[in-house]
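What follows is the residue order along each chain.
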Amino acid sequence: MVRGSRWVWMVAAVAGASVALDGGTLAPLGGAPAQAQDGGTITLRSDIQEANAATGIITARGNVQIDYPSRGIQATSAQADYFSNEDRIVLSGNVVVTQEGNTLRAEVVTYLIEEDRFVATPRPNDQVEAVYNLPASQSAPGPSGAAGDRAPTPRPPVVLDVSPVEPTEPAAP
């Protein structure tokens, strides 16, 4: 339905439905994937999708798959809500996000697109799981057992809270 420059569409009960997301606009199905603000595309696939141009929210439910190749992100979940006005995606229900070999598992994951930052929340009485692939050390010992020619990368200093602590009363015998 078209009302001036605003339109609202709904995709219901169509397996494999997909839409491309473009920082603030909703691309209708069947068109070429839209360009995201950093020049890439975000493809959203699911069983059901609803989009509302008035609110700028796309909701995808059932077998949700997200592919964002320019940032190396793939994700799956039961539901995804894309808040185009806020550049934020909220994934919920058995969320698995992979980025460049790293994996994040949680009940709810919010992806702040502009900040390229994930915020994960577990199920009650559970934990978030993150698996990171660390790069190989550049100063690992060589075949002769000696470290490489490079000095190890310095670590940032550890900041400890050394605030004064009020003395406690000794326990009565």
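In what follows, the structure referred to is the one given above.
Summarised in this report is the structure supplied together with it. This is a predicted model, so every value here is computed, not measured.

What follows is about the packing of aromatic side chains. In the structure shown here, the tally under the stated rule is one aromatic pair. Consider the rings of Y111 and F118, whose centres lie 4.6 Å apart with planes at 25°: the pair is stacked. Here the guanidinium or amino end of R88 rests over the ring plane of F83, the centre of that ring lying 4.1 Å away.

Note that E114 resides in the loop between strand 10 (102-112) and strand 11 (117-121). Given a relative accessible area of 51%, E114 falls into the exposed group. The sequence separation of E114 and E86 amounts to 28 residues, and the corresponding C-alpha distance is 9.1 Å.

Now for unusual backbone geometry. In this structure, N94 takes a positive phi of about 50° despite not being glycine. Mapped onto the elements of the fold, N94 is located in strand 9 (residues 88-99). Of note, D116 is a non-glycine position whose phi angle comes to about 50°, a positive value.

The rules behind these values
- Residues numbered from 1 in each chain as written.
- Predicted model: local features only at pLDDT ≥ 70, side-chain atom pairs only at ≥ 80, totals over all residues.
- Heavy atoms only, no water.
- Phe/Tyr/Trp six-rings, centres within 6.5 Å; stacked < 30°, edge-to-face > 60°.
- Lys NZ or Arg CZ within 6 Å of the ring centre and 35° of its normal.
- Helix = DSSP H or I, 4+ residues; strand = E, 2+ residues; numbered from the N terminus.
- Buried < 20%, exposed > 50% of the residue type's maximum accessible area, 1.4 Å probe, protein only.

Taken by themselves, the reported measurements are silent on function.
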